[in-house]
Amino acid sequence: MIRKFFAVLTFSALISCGNNADSTQNQTSEATKTNTEQPTFGIVIHGGAGTILKKNMTDSLETAYKEILEKAIRVGHKILEDGGDAMDAVTATINVMEDSPLFNAGKGAVFTHEETNELDASVMDGKTLNAGAVAGVTRIKNPIDLAREVMDNSDHVMLAGKGAEIFAETRGIALVDPEYFFTERRYNSLLRIKEQQKTQLDHDEKTAFVDPFIKDSKFGTVGCAALDKNGNLAAGTSTGGMTNKRWNRIGDAPIIGAGTYANNASCAVSSTGWGEYFIRAMVAHDISALMEYKGMSVQDAARTVIHDKVGGLGGDGGIVAIDKDGNVAMEFNTAGMYRAHMNANGDLVIGIYENQQ
Ligand code: ASP
C-alpha cells in the first residue's frame, strides 16, 4: 500500500543534526521538498562519536573516512531505492563499514586489555519488533550478520561468546581466525592507553579498577537506521566496544533499547558513545518512547535524550535516527561523529565534526 507521503526532507531536519551545518555533498538548498506520488525512504549512518577534531586529522584520513561513509550509505540507499527491505539495507550498509579497518567494528575492532578482540552487534525490525544481538564474539567476521541470524533463525534475542559462535557455525555464518582483527592502529591505541594508565596508577593505587582514560577509549562503532518504501523501519549497530576493556565487558551496542531500537510507530535508532551511560539512559528506546507517547519529533526526542539525559548523567556520544516519515536526526554531544544521510531524492549529507564546513 502506498503510504501517505509527507515532506521528504526538511532542511530544518538537517541543520538540527547536532548543530552540524556540516561538510555536505549535493545538499539541497530548498527549504522543503515534497513529492506526492512516490513513497518516501531514507537511510542514515554513523561511524562512531568522540573527540574527533579536525586538528588531529590528516587530509588523507578525512578523505578516506568520507569515501567509506559514502560507499556504505550508497549500498543501503540502492537497496531501498530498488524497493528492498530496510533490514537488508541496514545489514548491507553495516557490512561495508565492518569490512573497513577505519571503524571500530568487524575488521577494525579495538583491542581488549588481554589483546584480544570481542565484538558486539544488534539489529531490530520496526515492523515486527523482532530483534537479534550477539555479544563478546571473537571469530565472527561480520557480527551484524550473526545478530540478524539470531533474530531470523533462533528462538532468542541475544547470544554471547562461544555459544554464539557455535550457533554461527551451524548457520553458515562467516568465521575468521581472531588474527583477522589485528590492525596496527588499534593495537597501538591499546598500548598507548595501557601506558597512560600505568603512569596514572603509579600515582594512585585506589583507582586500580577505574580507567581514567575510558572516555577516550571508544571510537568508531558503526550503525545504521533505515526507512524503506513500505514504511518499515530497521536499525543495527556493530562495535568492538572500548579499547582496553576487561572482564568480558559489554556495552550498549548489543542491548536492544540502548544501542539499537526500531518501531514502525516511531523511529529507528542506532547509538554510539560511552556504553555504560547509554545502557543506563536506555537511549534508543527513550527516543522512540518520547515520540510514541509524547508526540515529539525525532530531532527533539534525540536532542532531549543525548543532551539532557546522557549529558546530564555525565556521558557522551550520539545517535542517528530516522522516523516513519523520513525525517532524520544525527545528534551528538561530542566533538564529532562520523555520519551520513541520504534521502529519497538521493541528496547526500556527510559530516565528521560539529560545525565543520
Ligand atoms: N558504545 C560502544 C560501547 O560502549 C562504544 C562506541 O560507540 O564507541 O561499547
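The structure this text deals with has already been given above.
Summarised in this report is the structure supplied together with it. Bear in mind that the values here come from a model prediction, so they are computed numbers and not experimental data.

Analysis parameters
- Residues numbered from 1 in each chain as written.
- Predicted model: local features only at pLDDT ≥ 70, side-chain atom pairs only at ≥ 80, totals over all residues.
- Heavy atoms only, no water.
- Pairing = 2+ DSSP bridges.
- Helix = DSSP H or I, 4+ residues; strand = E, 2+ residues; numbered from the N terminus.
- Axes fitted to C-alpha atoms, helices over the stretch in contact; angles between N-to-C directions.
- Contact = heavy atoms within 4.5 Å.
- Buried < 20%, exposed > 50% of the residue type's maximum accessible area, 1.4 Å probe, protein only.
- Near = heavy atom within 4 Å.
- Polar contact = N/O pair within 3.5 Å; in protein donor to acceptor, adjacent residues only side chain to side chain.
- Areas by Shrake-Rupley, 256 points an atom, 1.4 Å probe, with all protein chains shown as cover.
- 1 Å grid on protein atoms, 1.4 Å probe; cavity = no way out; pocket = protein on both sides within 12 Å on 5 of 7 lines; lining within 4 Å.
- Sits in = over half its atoms within 2 Å of the grid points.
- Nonpolar A, V, L, I, M, F, W, Y, C, P; charged D, E, K, R; others polar.
- Points joined across faces, edges and corners; volume = space filled by probe spheres on them.
- Phe/Tyr/Trp six-rings, centres within 6.5 Å; stacked < 30°, edge-to-face > 60°.
- Salt bridge = Lys/Arg side-chain N within 4 Å of Asp/Glu carboxyl O.
- Lys, Arg positive; Asp, Glu negative; His and termini not counted.

A closer look at the sheet that holds strand S12 (residues 317-323)
Thinking step 1. An order of S10-S11-S12-S13 is seen for the 4 strands of this open sheet, with the pairing classed as antiparallel. Looking along the sheet, the strands with just one partner apiece sit at the ends: strand S10 (260-262) and strand S13 (328-332). Recorded for the sheet is a direction-independent mean angle of 10 degrees between the axes of neighbouring strands.
Thinking step 2. Here helix H8 (residues 283-294) sits on the sheet in contact with S10, strand S11 (267-273) and S12, set at roughly 145 degrees to S11.
Thinking step 3. Those strands touched by helix H9 (residues 298-313) are S11, S12 and S13, and its axis lies near 15 degrees from that of S13.

Focus on the environment of Glu81
Thinking step 1. Mapped onto the secondary structure, Glu81 falls in helix H2 (residues 59-81).
Thinking step 2. Under the relative-accessibility criterion, Glu81 is labelled partly exposed at 38%.
Thinking step 3. Once the C-alpha coordinates of Glu81 and Thr40 are considered, the two residues, 41 residues apart in sequence, prove to be 9.4 Å apart.
Thinking step 4. Not counting chain neighbours up to four residues away, the residues in contact with Glu81 comprise Phe41 and Lys229.

With respect to the site of the ligand
Thinking step 1. Taken together, 10 residues lie near the ligand, and Thr221, Arg249, Asp252, Thr272 and Gly273 sit nearest.
Thinking step 2. Taking Arg249, its side chain carries an N or O atom lying 2.7 Å from an oxygen atom of the ligand.
Thinking step 3. About the coverage of the ligand: the protein hides 100% of its 270 Å² of free accessible area.
Thinking step 4. Of the pockets mapped on this structure, the ligand occupies the largest cavity.
Thinking step 5. A breakdown of the residues in the shell around the ligand according to their chemical character gives 1 nonpolar, 6 polar and 3 charged.

Examining empty space enclosed by the protein
Thinking step 1. Under the defined criterion, the tally for this structure stands at 1 cavity of 30 Å³ or more.
Thinking step 2. By volume, the largest cavity is sized at about 90 Å³.
Thinking step 3. Considering the residues around the largest cavity, the lining is formed by 15 residues, among which Thr221, Thr239, Gly241, Asp252 and Gly273 are closest to the centre.
Thinking step 4. The greatest single-element share of the lining of the largest cavity, amounting to 3 residues, is contributed by S11.
Thinking step 5. In the lining of the largest cavity, the residues fall into 3 nonpolar, 8 polar and 4 charged.

A few points about the packing of aromatic side chains
Thinking step 1. Counting across every chain of the model gives 8 aromatic pairs.
Thinking step 2. Plain terms: the ring middles of Tyr65 and Tyr338 are 4.1 Å apart, the flat faces sit at 15 degrees to each other, and that makes the pair stacked. Note that Tyr65 is positioned in helix H2 and Tyr338 in strand S14 (residues 336-343), a separation of 273 residues in sequence.
Thinking step 3. What makes Tyr65 buried here is its relative accessible area of 2%.
Thinking step 4. For the pair Phe103 and Tyr338, a centre-to-centre distance of 6.4 Å together with 85 degrees between the ring planes defines the contact as edge-to-face. Of the two residues, Phe103 is situated in the loop between helix H3 (86-98) and strand S5 (119-125) and Tyr338 in strand S14; the sequence distance between them amounts to 235 residues.
Thinking step 5. Taking the relative accessible area as the measure of exposure, Phe103 reaches 0% and is therefore buried.
Thinking step 6. Members of the aromatic cluster, each reached through a chain of ring pairs, are Tyr65, Phe103 and Tyr338.

A look at the pairing of strand S15 (residues 348-353)
Thinking step 1. For S15, the tally of buried residues reaches 6 of 6 residues, placing the bulk of the element in the interior.
Thinking step 2. Taken together, the 5 bridges between S14 and S15 define a ladder with antiparallel strand orientation. Across the sheet, the residue bridging to Met342 is Leu348, located in S15.
Thinking step 3. Following S14, the chain reverses through 4 residues before pairing antiparallel with S15; Gly346 in that reversal takes a positive phi of roughly 85 degrees.

Quick notes on the pattern of salt bridges
Side chains that differ in charge, positive against negative, can pair when their charged atoms come close.
Thinking step 1. Tallied over the entire structure, the rule returns 14 salt bridges.
Thinking step 2. Where Arg148 meets Asp88, a salt bridge forms, and the shortest distance between an N and an O atom there is 2.6 Å. Here Arg148, found in helix H4 (residues 143-153), pairs with Asp88, found in helix H3; they are 60 residues apart in sequence, far enough to count as distant.
Thinking step 3. Judged by its relative accessible area of 30%, Asp88 falls in the partly exposed class.
Thinking step 4. We note a salt bridge from Lys141 to Asp99, for which the minimum N-O separation is 3.3 Å. Of this pair, Lys141 sits in the loop between strand S6 (131-137) and H4 while Asp99 sits in the loop between H3 and S5, and the two are 42 residues apart along the sequence.

Examining the side chain of Glu98
Thinking step 1. Tracing the backbone shows Glu98 in helix H3.
Thinking step 2. The buried charged residue Glu98 lacks any salt bridge, with Lys141 as its nearest oppositely charged partner at 7.5 Å.

Describing unusual backbone geometry
Thinking step 1. In this model, Leu129 sits at a positive phi of 60 degrees, which is unusual for a non-glycine residue.
Thinking step 2. Inspection of the secondary structure assignment puts Leu129 in the loop between S5 and S6.
Thinking step 3. Given the relative accessible area of 43%, Leu129 is considered partly exposed.

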